[in-house]
Amino acid sequence: MKNIYTSILHYSSLILLLASCNQLSKPGAEIEDTPQQNPKQEITFSGDTSKTGMVYIPGGTYMMGGDNAQASADELPKHEVTVSSFWMDEHEVTNAQFAQFVKATGYITTAEQKPDWEELKKQLPPGTPKPADSLLVPSSLVFTPPTHLVELNDYGQWWSWVPGASWKHPNGKGSGIAGTENYPVIQVSWDDAMAYCKWVGKRLPTEAEWEYAARGGLKNNIYPWGNESINTGKPKANSWDGSFPDKNTKRDGYVNLAPVKSFDPNGYKLYDMAGNVWEWCSDWYRDDYYKILAQQRNTNNPKGPSDSHDPDEPLIQKKVIRGGSFMCNESYCSGYRTARRMKSSYDSGMSNLGFRCVSTN
Ligand SMILES: [Ca+2]
Ligand SMILES: [Ca+2]
């Protein structure tokens with residue numbers, strides 16, 4: 001069952017998957033926007049130093065890592081970490097906020113750029129044949145749930161590589177973000193998140209900051225709200241109710257994304273630290289990082305390992321993502337546990353992955 005939890009999709013593996021299946025891009029498929037040629041983009045600070053929409057997180061020491069029997073090996077051992085005080089966005093970055101950034105800077109996201117085969121092949125097994133040109137077009141991963149039960153270790157059953165999908169066309173050509181201005185922005189890569197944070201004069205949280213903030217001042221609790229099961233009592237987060245990915249009972253009110261701040265905040269007044277969208281952190285992902293940290297008695301402001309290593313896919317350079325999404329439930333990934341670690345290729349955009357920023361200035 002291990003690969004159920006580790007098989008978050010990423011761009012490079014999907015290219016590989018599709019190349020092998022040769023099942024993408026129907027002849028004549030059109031891209032709405034002109035493919036971009038990987039521009040070098042210099043983003044500078046907007047100059048706005050206000051803390052509007054942020055909350056202050058007082059620093060402290062906590063035990064980082066898994067709190068219950070669902071903890072996976074990479075969440076252990078639990079180890080002592082100290083983080084300094086910082087400010088954090090109270091909610092996930094929204095479409096409206098990201099649109100402001102793009103309007104001001106002209107930024108072009110990863111998903112809107114033509115994939116660079118020379119870069120891509122570095123993350124694929126040697127000798128991997130170049131996919132057809134019809135695959136190497138601006139695209140992103142779109143959640144396309146089946147209507148029948150499927151094997152949970154076969155993510156190709158509910159993800160599709162959709163030409164033209166991007167933050168402003170989240171489901172591909174013909175889709176848009178009108179009316180969802182207060183929903184989290186999606187289909188953004190780690191690079192895109194970094195660029196946005198730079199423009200607003202902030203940065204991405206470290207994994208240690210993110211988990212500390214998600215705990216909301218509680219000690220060794222499983223979720224941001226405490227220890228009560230997500231399936232009990234009042235809905236607490238936007239997760240997947242029912243059988244993933246074919247049936248959603250809509251107990252929490254949302255089959256897909258929810259507007260930010262639709263559920264109660266945690267003890268630090270942070271919203272959606274569980275569910276809605278996964279959130280990029282600044283750290284590289286290594287499965288053995290906690291074991292390395294635990295050799296020290298206490299670690300101050302850990303910033304992650306110097307390189308990435310996921311034993312399941314060692315060639316892929318992955319960043320940490322946190323908090324789970326609308327696609328998580330108890331049988332699939334329980335990503336809404338505060339200690340749950342996940343990882344994704346830094347060049348991925350997906351339907352259930354966004355971010356928020358922090359500041360220590
Ligand atoms: Ca839901
Ligand atoms: Ca979230």
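Residues numbered from 1 in each chain as written. Chains lettered and ligands numbered in written order. Predicted model: local features only at pLDDT ≥ 70, side-chain atom pairs only at ≥ 80, totals over all residues.

Caption draft 1: Fine view of the overall build of the protein chain. Of regular secondary structure, the protein chain possesses seven helices and 12 strands. Among the 361 residues that make up the protein chain, the fraction classed as buried is 49%. In the protein chain, 77% of the contacts between residues at least 6 apart in sequence involve partners at least 24 apart. (Helix = DSSP H or I, 4+ residues; strand = E, 2+ residues; numbered from the N terminus. Buried ≥ 20, exposed ≤ 12 C-beta atoms within 10 Å, placed from the backbone. Contact = placed C-beta atoms within 7 Å.)

Caption draft 2: Fine view of the pairing of strand β9 (residues 318–322). Burial runs high along β9: five of the five residues are buried. The pairing of strand β7 (residues 278–284) with β9 spans three bridges and is classified as antiparallel. Its bridge partner being in β9, Glu279 is matched across the sheet by Arg322. Here β9 runs beside strand β10 (residues 341–345); their pairing, made up of five bridges, is antiparallel. Considered in β10, the bridge of Ile321 is made with Met342. (Pairing = 2+ DSSP bridges.)

Caption draft 3: Spotlight on the sheet that holds strand β8 (residues 299–300). Spatially, the three strands line up as an open sheet ordered β2-β3-β8, and their pairing is mixed. Of all the strands in the sheet, the pair left with one neighbour each is β2 (60–64) and β8. Summarising the sheet, strand β3 (residues 79–83) and β8 pair through two bridges and their orientation is parallel. The residue bridging Val81 from the neighbouring strand is Thr299, located in β8.

Caption draft 4: Seen up close, helix α6 (residues 207–215). Along α6, nine of the nine residues are buried, which leaves the element largely enclosed by surrounding structure. Regarding α6, the residues found buried are Glu207, Ala208, Glu209, Trp210, Glu211, Tyr212, Ala213, Ala214 and Arg215. Of the residues trailing α6, Gly216 is marked for its positive phi of about 60°.

Caption draft 5: Structural context of the nonpolar core. Core analysis: the largest hydrophobic core is formed by 72 residues, its most contacted members being Ala193, Tyr196, Leu204 and Ala213. Looking at this core, the element that brings in the most residues is helix α5 (residues 190–199), giving seven residues. (Core = buried A, V, L, I, M, F, W, Y, C linked by C-beta atoms within 7 Å.)

Caption draft 6: Fine view of the environment of Pro235. Along the polypeptide, Pro235 turns up in the loop between α6 and β7. With 18 C-beta atoms counted inside 10 Å, the residue Pro235 sits in the partly exposed group. As a C-alpha pair, Pro235 and Asp252 span 17 residues in sequence and 5.2 Å in three-dimensional space. Beyond its immediate sequence surroundings of up to four residues, Pro235 is in contact with Arg251, Asp252, Gly253 and Phe263.

Caption draft 7: The arrangement of the environment of Gly216 in detail. Relative to the elements of secondary structure, Gly216 occurs in the loop between α6 and β7. Of the residues examined, Gly216 has 20 C-beta atoms within 10 Å and is grouped as buried. Beyond its immediate sequence surroundings of up to four residues, Gly216 is in contact with Pro224, Asn266, Gly267, Tyr268 and Leu270.

Caption draft 8: Representation of the environment of Asp283 in the model. Position of Asp283 relative to the elements: it lies in strand β7. Contacts of Asp283, omitting those with residues within four sequence positions, involve Thr206, Glu207, Lys303, Gly304, Lys319 and Val320.

Caption draft 9: How the structure looks around the pairing of β3. Of the two faces of β3, the one holding His79, Val81 and Val83 is buried and the one holding Glu80 and Thr82 is not buried anywhere. Pairing of β2 with β3, which is carried by five bridges, proceeds in the antiparallel orientation. The partner of Thr61 across the bridge, within β3, is Thr82.

Caption draft 10: Summary view of the sheet that holds β9. Sheet architecture is open: four strands sit in the order β10-β9-β7-β11, paired in mixed fashion. A single partner strand is all that each edge strand has here, and the edge strands are β10 and β11 (353–354). Sheet strands touched by α6: β7 and β9. Its angle to β9, the strand with the most contacts, is close to 10°. (Axes fitted to C-alpha atoms, helices over the stretch in contact; angles between N-to-C directions.)

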